[in-house]
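# What the coordinates show
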Amino acid sequence: MNTAPIFEHIKKHGQVRDAEIAVALGLKLEKVRSSISDLAARGEISCCSVTRFDNGASVKEILCRVSGFIPPAAPGRKRKS
């Protein structure tokens, strides 16, 4: 499967859940999870599993972000000592 659209979505939106990616790109959750595992195996993204509670029911999801990406400092921050 072509993982480029999923990687670009993660890169554009920062830290996102697998369900959010599936909805945004119109893909099945199984395909998104397969692509996420491929990207993680190549070291392009970092993932962790999370449990979210929706109306008392637990929902297991995968949270992803681009590996090694550190966002630039916000303007106006003071220098570190």
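Residues numbered from 1 in each chain as written. Predicted model: local features only at pLDDT ≥ 70, side-chain atom pairs only at ≥ 80, totals over all residues. Heavy atoms only, no water.

### Thoughts on the overall build of the chain
Within the chain one finds three helices and three strands. Listed by position from the N terminus, the elements making up the chain come as α-β-α-α-β-β. For the chain, the C-alpha radius of gyration of 15 Å lies well beyond 12 Å, the compact-globule estimate for 81 residues. For the chain, the C-alpha atoms occupy an extent of roughly 45 × 35 × 20 Å along the three principal directions. When burial is assessed residue by residue, the chain has 22% of its 81 residues classed as buried. Contacts spanning at least 24 positions in sequence make up 43% of the contacts within the chain whose residues lie at least 6 apart. Accessible area of the chain: about 6000 Å², with a carbon and sulfur share of 53%. (Helix = DSSP H or I, 4+ residues; strand = E, 2+ residues; numbered from the N terminus. Rg over C-alpha atoms; globule rule 2.2 N^0.38 Å. Buried < 20%, exposed > 50% of the residue type's maximum accessible area, 1.4 Å probe, protein only. Contact = heavy atoms within 4.5 Å. Areas by Shrake-Rupley, 256 points an atom, 1.4 Å probe, with all protein chains shown as cover.)

### With respect to the nonpolar core
Nonpolar side chains tend toward joint burial in soluble globular proteins. Formed by I6, F7, I10, V16, I21, A22, V32, I36, L39, I45, C64 and V66, the largest nonpolar core amounts to twelve residues. At the level of secondary structure, the elements contributing two or more residues to this core comprise α1 (4-13), α2 (18-25), α3 (29-41) and β3 (57-66). (Core = buried A, V, L, I, M, F, W, Y, C linked by side-chain atoms within 4.5 Å.)

### Observations regarding the confidence of the model for the chain
Of all residues in the chain, 93% have pLDDT values of 70 or greater, and the mean over the chain is 89. Mean pLDDT across the secondary structure elements of the chain bottoms out at α1, with 92, and peaks at α2, with 95. (pLDDT = per-residue confidence, 0-100.)

### Remarks on the pattern of salt bridges
Following the criterion strictly, the structure yields five salt bridges and no others. Residue D18 pairs with R33 through a salt bridge whose shortest N-O separation is 2.6 Å. You can see D18 sitting in helix α2 and its partner R33 sitting in helix α3, a full 15 residues away along the chain. Using a relative accessible area of 0% as the deciding quantity, one classes D18 as buried. Of the charged contacts, one joins R42 and E44 as a salt bridge, the two residues approaching to 3.0 Å between their closest N and O atoms. For E44, a relative accessible area of 29% translates into the label partly exposed. Because the salt bridges share partners, they merge into one network encompassing R17, E20, R52 and E61. (Salt bridge = Lys/Arg side-chain N within 4 Å of Asp/Glu carboxyl O.)

### Points about unusual backbone geometry
Residues other than glycine seldom take positive phi values, yet N55 does so here, at roughly 55°. With respect to the helices and strands, the residue N55 is situated in the loop between β2 (45-54) and β3.

### Some words on the environment of R52
When you line up the elements, R52 lands in strand β2. Look at R52 and you get partly exposed, because its relative accessible area is 33%. A polar atom in the side chain of R52 sits 3.2 Å from the side chain of E61. (Polar contact = N/O pair within 3.5 Å; in protein donor to acceptor, adjacent residues only side chain to side chain.)

### Notes on α3
The end-to-end C-alpha separation of α3 is 18 Å, in line with the 18 Å expected for 13 residues at 1.5 Å each. Buried residues belonging to α3 abut α1, α2, β2 and β3. Remark: G43 follows α3 within two positions and exhibits a positive phi of approximately 80°. (Expected span 1.5 Å × (residues − 1).)

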